[in-house]
Amino acid sequence: MPSPRAILFRLHWALGLTAGLILAVMGATGALLSYEEALTDWANHDRLTVATREAPPLALPDLTRRVEAQRPGQRVSRLTLQDDLTASVTIRFARDPATRQRPDSVFADPYDGAVLGPVRGEPLFDTVLALHRFLLLPGNGNGWGRQITGACAIALLVFLVTGIVLRWPQVHRLKIWLRPSLSRPGRARWWSLHAVAGTWLLPVYLIIALSGLTWSYGWFKDGANALLIGGAKPAAMGKRAKAGPEGPPSLDAVWTAFREGEGRHAARAQILLPEEGRQPIRIRWFSRDDDRPAARNEARYEAATGTLMSAERAADQPLGKRIAGNMLEVHRGRFFGAGFALLFCLAALAMPGFAATGIALYVLRRRAAGRRTARKPLVAAPAE
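Residues numbered from 1 in each chain as written. Predicted model: local features only at pLDDT ≥ 70, side-chain atom pairs only at ≥ 80, totals over all residues. Heavy atoms only, no water.

Undergrad: Honestly, the overall build of the chain in this entry has me stumped. Any pointers?
TA: Each helix and strand counted, the chain has 13 helices and eight strands in total. For 384 residues, the compact-globule estimate of 2.2 N^0.38 gives 21 Å, and the chain exceeds it by more than 25% at 27 Å. The dimensions of the chain, computed from C-alpha atoms along their principal axes, are 105 × 40 × 40 Å. Burial analysis of the chain (384 residues in total) assigns 40% to the buried set. Summing over all exposed atoms, the chain offers an accessible surface of approximately 21,700 Å²; the carbon and sulfur share of this is 60%. Taking the 50 positively charged and 31 negatively charged side chains of the chain as two groups, their mean positions are separated by 17 Å. (Helix = DSSP H or I, 4+ residues; strand = E, 2+ residues; numbered from the N terminus. Rg over C-alpha atoms; globule rule 2.2 N^0.38 Å. Buried < 20%, exposed > 50% of the residue type's maximum accessible area, 1.4 Å probe, protein only. Areas by Shrake-Rupley, 256 points an atom, 1.4 Å probe, with all protein chains shown as cover. Lys, Arg positive; Asp, Glu negative; His and termini not counted. Charge placed at Lys NZ, Arg CZ, Asp CG, Glu CD.)

Undergrad: How do you make sense of the layout of surface pockets when you look at a structure like this?
TA: Using a probe with the size of a water molecule, rolled over the atoms, empty space left in the structure can be pinpointed. There is about 920 Å³ of room inside the second largest pocket. Residue lining of the second largest pocket: 35 residues in total, with His12, Gly163, His194, Ala195 and Leu361 positioned closest to the centre. At the level of elements, helix H1 (4-16), helix H2 (19-34), helix H6 (144-167), helix H8 (186-213) and helix H13 (338-375) are the ones that each hand at least two residues to the lining of the second largest pocket. Here the lining of the second largest pocket takes nine residues from H8, the largest share from any one element. A per-class count over the lining of the second largest pocket returns 22 nonpolar, nine polar and four charged. (1 Å grid on protein atoms, 1.4 Å probe; cavity = no way out; pocket = protein on both sides within 12 Å on 5 of 7 lines; lining within 4 Å. Points joined across faces, edges and corners; volume = space filled by probe spheres on them. Nonpolar A, V, L, I, M, F, W, Y, C, P; charged D, E, K, R; others polar.)

Undergrad: What is the right way to read a nonpolar patch on the surface from this model?
TA: Where nonpolar side chains cluster on the molecular surface, the patch consists of Leu32, Tyr35, Leu39, Leu342, Leu346 and Leu349 and spans about 490 Å² of accessible area. Broken down by element, the residue count for the nonpolar patch peaks at three residues, all from H13. Checked against the element boundaries, Leu39 lands in helix H3 (residues 36-43). (Patch = residues over 30% accessible without salt bridge, like charges linked within 9 Å, V, L, I, M, F, W, Y side chains within 5 Å. Salt bridge = Lys/Arg side-chain N within 4 Å of Asp/Glu carboxyl O.)

Undergrad: Teacher, can you tell me more about the packing of H2 against H3 here?
TA: Two numbers describe how H2 lies on H3: the axes approach to 5 Å, and their chain directions differ by 60 degrees. In terms of their interaxial angle, H2 and H3 are classed as oblique. The segment H2 lies against H3, with Leu32, Leu33 and Ser34 engaging Glu36, Glu37 and Leu39. Of the residues contributing to the contact of H2 with H3, the split by class is three nonpolar, one polar and two charged. (Axes fitted to C-alpha atoms, helices over the stretch in contact; angles between N-to-C directions. Parallel < 35°, antiparallel > 145°, perpendicular 65-115°, else oblique. Contact = heavy atoms within 4.5 Å.)

Treat this as a map of the structure, not an account of what it does.
Below, the structure written as structure tokens:
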């Protein structure tokens with residue numbers, strides 16, 4: 001009967017030959033998504049700015065109407081504005097009710113509402129995201145792809161546990177644990193590189209796996225919320241916003257109230273328009289003093305009157321609530337700062353390397369086992 005150590009070893013390489021290959025794809029796509037905003041800005045540098053005018057920018061209802069007039073059949077669902085008179089406005093549209101597809105986002109001139117062009121790179125990153133989360137399988141979040149990537153996130157946790165257990169007898173030899181022996185020949189070199197890199201990146205992969213599971217399994221997300229914020233959902237943080245009075249949305253009143261109140265020190269704001277008039281208008285904003293992705297604030301206003309219904313500031317929230325409300329930034333590493341974001345990106349890029357070194361170790365081990373079998377005599381020598 002195999003020993004427990006042998007069972008863990010077989011489990012480790014069996015998952016490596018299956019889930020490891022999918023994790024390699026998820027790692028490469030995740031690394032690309034880590035800098036989606038920066039790459040998108042680079043690809044659209046000529047559409048990010050506009051010439052200033054003597055006249056003030058259009059009121060937001062007028063801007064919205066002019067953009068929708070240039071895109072018949074499409075409804076504006078989100079506007080992203082900067083505290084910069086030379087910055088264009090990013091417009092996102094609602095999904096088509098029939099196809100559930102979202103039209104391409106566009107840049108617009110805030111002074112005359114002219115559409116400057118679509119956001120270059122957006123379709124590419126939408127495809128990369130679908131590959132990362134659902135492996136481009138039919139059904140997206142409701143299909144098998146979500147279940148497979150969720151199972152692979154669990155497999156990553158198994159890799160971490162089994163990898164450390166298999167290294168445990170050498171815990172007293174820190175040099176072997178923390179520095180690869182690249183001068184060793186053959187399989188020993190690959191094993192050292194594979195094991196040492198895994199040891200260094202273990203905390204990063206632990207955060208990536210645990211945060212990733214919140215999108216795969218509802219029960220895991222509920223458990224994480226219970227641990228971080230006592231069971232409340234992140235969207236329910238702060239005062240609960242109720243539906244306001246009936247009437248057409250008054251975007252101008254909401255924006256005026258925001259600029260005079262919560263948004264006095266906003267560097268960037270995203271206005272999320274409701275599908276129905278009674279739903280509140282949400283504004284996510286970032287302060288001039290702290291525009292990190294993890295420092296997102298949010299205010300909700302009655303759509304008909306522009307009355308403030310609730311306000312949530314990142315600086316006022318406990319750490320657990322901020323983590324639960326910014327799980328994507330935790331997953332990317334940006335929650336912890338720019339240096340950690342780069343580290344998480346490099347760790348994601350290393351996943352294909354782990355798959356490659358793992359396969360190399362498996363092939364070399366099988367070859368060595370085959371040579372040992374070939375050297376054994378087929379018939380035992382007769383006893384004298």
